[in-house]
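Descriptive analysis of the structure
Residues per chain, in single letters:
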Amino acid sequence: MKKDLLALGFVLLIVAVLLSGTKFQTVEEYYLTHIDDITPESETVTVSIECSNILKNWDDLDPSLQSEEFVPSDGVILPPTEYVLRPGDTVFDILERAVRYNKIQMEYQGADQNIYKSVYIQGIHYLYEFSCGPLSGWMYRVNGEFPLYGCSRYELKDGDVIEWVYTCDLGRDVGNDWKEEAGS
Amino acid sequence: MKAFSNFHPLVLFFYFISVLLLTMFTLHPVLLFFSLLGAVLFASMLETPRAVLVSLGFYVPMFLLIAVTNPLFSHNGVTPLFFMNDNPVTLEAILYGAAAAGMVISVMYWCRCYNTVVTSDKFLYLFGKLIPKLSLILSMALRFVPLFKAQVKKISRIQKTMGLYSSESKVDRLRGGFRVFSAIVTWSLENAVDTAASMRARGYGLPGRSNYSIYRFTPRDGAALGILAVLLGGSLWGMKTKVLEFSYYPRVAALSLTPVVLAGYAVVSALMFLPFLIEVKENLVWNYFRSKI
């Protein structure tokens, strides 16, 4: 019996450790985020999210997503909006704050889960990678250029313009023609 | 001897392959429900209903485990229930997990039935001449789990008779279980080699070798095979043309009840409940004849 109690205590300990390492929030708590007010001296960046490419490739889109609810008729999920830049903020930090503030669904793969040591955005607003053909997914542009590395490794500076765009052709349809890769 | 297992091995094999295929390649809740129910009902005819109830003690926890695992990894879906480490746990992901769990468990029940109905001599009768080595390996692999379970029971009984593991403590019993397990792994390896050597000694795979059991393909078997082929074709057609399609993400689709879809359900349920209905019919006939004596 003594052994049983010991084993039970051990199992309970593991469960307690697991539970204490997990943060549980209700939906309201999660979306109750604070967004910094823009003051004249604060540094800001602009974020937008759009998926107008899907409208051009409507037939490739997953049938269960083919509705106005998931793909807005103008393709704009988040119009260009200014957010306060906190010191050390990356593209991912700003995106996360923006989607959370606007209650837009987003799913990402954490930086510790892939070989690139950077966050990978799997889906925004229920539109996932591969939702619109095998070459589709989310990419980001900063000041019109594709950095071509993970969004949690790009540190922003004052006045940057970030655009999250949905590609259906590995970036070619949003203006990224892979010059570097073609040359090497 | 059960009525359904009286069919020709070809019919039986075709039946189980088509049911397993249909179950494995769908996540449609209605189809999975039919499949699970059909498998459980058929299993309770083959074994005793009590044995099936006991087996639920294993399958229900497994169902729950698979169902709650999916929302930990999938955060798609329009109905977040709560957030865990900043990731939503959604209703859609839970339902998807439940469907996947239902699929796994119905496949396991069908395999249980397969093991009782298509015994290894039937399997070897079908494929022994065509692909001798592969069919021997397959029949041994398919028989592996039931054999393993039977042997575990045997060894643990012997250990108990010898007075080992008689302590009430759960930990001690678990450790005893590990010991039985390690004994059984060695035994099963040895047994596999023994079986292969024994089969070779009996001239297995040589030309002109006859089978232990002889099965005759009767017109009844032909008719059954035809019906099964039609039912399978209908179901596959329904799945291919998206009549029997269902999507969970981002929002659980509504169940459509158009005539075409209802016809699809009817075809699939006919296929899934066929062995159970045959057993029921034979039982009724048997009781009717017996009451006349």
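Calculation notes
Residues numbered from 1 in each chain as written. Chains lettered and ligands numbered in written order. Predicted model: local features only at pLDDT ≥ 70, side-chain atom pairs only at ≥ 80, totals over all residues. Heavy atoms only, no water. Core = buried A, V, L, I, M, F, W, Y, C linked by side-chain atoms within 4.5 Å. Buried < 20%, exposed > 50% of the residue type's maximum accessible area, 1.4 Å probe, protein only. Helix = DSSP H or I, 4+ residues; strand = E, 2+ residues; numbered from the N terminus. Contact = heavy atoms within 4.5 Å. Axes fitted to C-alpha atoms, helices over the stretch in contact; angles between N-to-C directions. Left-handed = near helix turned anticlockwise from the far one by under 90°. Nonpolar A, V, L, I, M, F, W, Y, C, P; charged D, E, K, R; others polar. Phe/Tyr/Trp six-rings, centres within 6.5 Å; stacked < 30°, edge-to-face > 60°. Lys NZ or Arg CZ within 6 Å of the ring centre and 35° of its normal. Domains from an automatic or database assignment. Buried area = accessible area lost by both parts, 1.4 Å probe. Salt bridge = Lys/Arg side-chain N within 4 Å of Asp/Glu carboxyl O. Polar contact = N/O pair within 3.5 Å; in protein donor to acceptor, adjacent residues only side chain to side chain. Disulfide = S-S within 2.5 Å. Pairing = 2+ DSSP bridges.

**What about the nonpolar core?**
The biggest cluster of nonpolar side chains holds 45 residues, and the ones touching the most others in it are Phe4(B), Tyr15(B), Phe16(B), Phe42(B), Trp110(B) and Val117(B). It is helix α1 (residues 9-24) of chain B that contributes the most residues to this core, 8 residues altogether. Filtering out sequence-adjacent residues up to four positions away, Trp110(B) remains in contact with Tyr15(B), Phe16(B), Val19(B), Leu20(B), Thr23(B), Ser35(B), Gly38(B), Ala39(B), Phe42(B), Met272(B) and Pro275(B). Ile77(A), Val91(A), Ile104(A) and Ile124(A) belong to the second largest nonpolar core, which has 39 residues in total.

**Considerations on unusual backbone geometry**
Going from Tyr249(B) to Pro250(B), the amide bond is cis rather than trans, its omega being -10°. The topology assignment puts Pro250(B) in the loop between α8 (219-240) and α9 (259-292). Positive phi outside glycine occurs at Tyr126(A), with the angle close to 65°. Note that Tyr126(A) resides in the loop between β5 (120-124) and β6 (127-128). Positive phi values are uncommon outside glycine, yet Leu148(A) reaches one of about 60°. For Leu148(A), the position within the fold is in the loop between β7 (137-142) and β8 (161-167).

**What about the packing of helix α3 (residues 49-73) of chain B against helix α4 (residues 91-117) of chain B?**
Residues and elements named next belong to chain B. The N-to-C vectors of α3 and α4 enclose an angle of 145°; their axes lie 8 Å apart at closest approach. The two elements α3 and α4 cross, and the hand of that crossing is right-handed. Contact with α3, carried on its side by Ala51, Val52, Ser55, Leu56, Phe58, Tyr59, Met62, Phe63, Ile66, Ala67, Asn70 and Pro71, involves Ala93, Ile94, Tyr96, Gly97, Ala98, Ala101, Gly102, Val104, Ile105, Met108, Tyr109 and Arg112 of α4 and no other residues of that element. Of the residues assigned to the contact of α3 with α4, the class counts are 19 nonpolar, 4 polar and 1 charged.

**Some words on the packing of aromatic side chains**
Within the structure shown, the criterion is met by 32 aromatic pairs over all chains. Between Phe33(B) and Phe34(B), the ring centres sit 6.4 Å apart and the planes meet at 50°, which makes this aromatic pair tilted. Taking the relative accessible area as the measure of exposure, Phe34(B) reaches 17% and is therefore buried. Judged by centre distance (5.0 Å) and plane angle (70°), the rings of Tyr125(B) and Tyr215(B) are edge-to-face. Separated by 90 residues along the polypeptide, Tyr125(B) in helix α5 (residues 120-127) and Tyr215(B) in the loop between α7 (170-201) and α8 bring together distant segments of the chain. Feature note: the residues Phe4(B), Phe7(B), Phe13(B), Tyr15(B), Phe16(B), Phe42(B), Trp110(B), Tyr114(B), Phe123(B) and Phe127(B) constitute an aromatic cluster, connected by ring pairs. Across from the ring centre of Tyr30(A), 4.0 Å away, lies the NZ or CZ of Arg100(A), which sits over that ring. Across from the ring centre of Phe7(B), 4.2 Å away, lies the NZ or CZ of Arg220(B), which sits over that ring.

**With respect to the domain arrangement of chain B**
Residues and elements named next belong to chain B. Examined at the domain level, chain B breaks down into domain 1 (4-123 + 213-291) and domain 2 (133-201). A C-alpha centroid distance of 30 Å is found between domain 1 and domain 2. Buried surface at the junction of domain 1 and domain 2, summed over both partners, amounts to about 460 Å²; 68% is from carbon and sulfur atoms. The largest contributions to the domain 1 side of the interface with domain 2 come from Asn115, Ser120 and Phe123, which together make up 81% of the buried area. Run the count over domain 1 and domain 2 and you get 0 salt bridges. Connecting domain 1 to domain 2 are 1 residue pair in polar contact (both at pLDDT 80 or more). Only α4 and α5 provide two or more residues apiece to the side of domain 1 that touches domain 2. Considering every element that reaches the side of domain 1 that touches domain 2, the biggest residue donor is α4, with 3 residues.

**Focus: the state of the cysteines**
Residue and element names in this part refer to chain A. Applying the stated criterion across every chain yields a total of 0 disulfides over all chains. Cysteine cysteine 132 shares no disulfide, and the gap to the nearest cysteine sulfur, in cysteine 168, comes to 3.6 Å. No disulfide involves cysteine 151; its nearest neighbouring cysteine sulfur is the one of cysteine 51, lying 18 Å away. A relative accessible area of 2% places cysteine 151 in the buried class.

**Describing the sheet that holds β8(A)**
As a general point, the strands of a sheet are linked pairwise by backbone hydrogen bonds and lie either parallel or antiparallel. Residues and elements named next belong to chain A. Strand order in the open sheet formed by 4 strands is β3-β2-β8-β7, with mixed pairing between adjacent strands. Of all the strands in the sheet, the pair left with one neighbour each is β3 (76-84) and β7. Within this sheet the neighbouring strands show an average axis-to-axis angle of 15°, counted without direction. Sheet contacts for helix α4 (residues 91-101): β2 (44-50), β3, β7 and β8; angle to β3, the most-contacted strand, approximately 115°.

**Some thoughts on the side chain of Thr167(A)**
Residue and element names in this part refer to chain A. Within the secondary structure, threonine 167 sits in strand β8. Accessibility expressed as a relative area gives 2% for threonine 167, which makes it buried. Engagement of the side chain of threonine 167 in a polar contact is seen with the backbone nitrogen of aspartate 169, the distance being 3.0 Å.

**So, the interface of chain A and chain B**
The figure often quoted for interface size is the accessible area lost as the parts come together. Taken together, the contact pairs 22 residues of chain A with 22 residues of chain B. The junction of chain A with chain B conceals about 1900 Å² of combined surface from both sides, 52% of it contributed by carbon and sulfur atoms. Applying the counting criterion to the chain A and chain B interface returns 4 salt bridges. Put simply, the parts of the chain that give the side of chain A that touches chain B at least two residues each are α1 (2-20), β1 (24-26) and α2 (27-31) of chain A. For the side of chain A that touches chain B, the per-class residue count stands at 10 nonpolar, 6 polar and 6 charged. By the bridge criterion, 3 bridges tie β1(A) to strand β1 (residues 80-84) of chain B in an arrangement that is antiparallel. Bridge pairing in β1(B) places Gln25(A) opposite Phe83(B).

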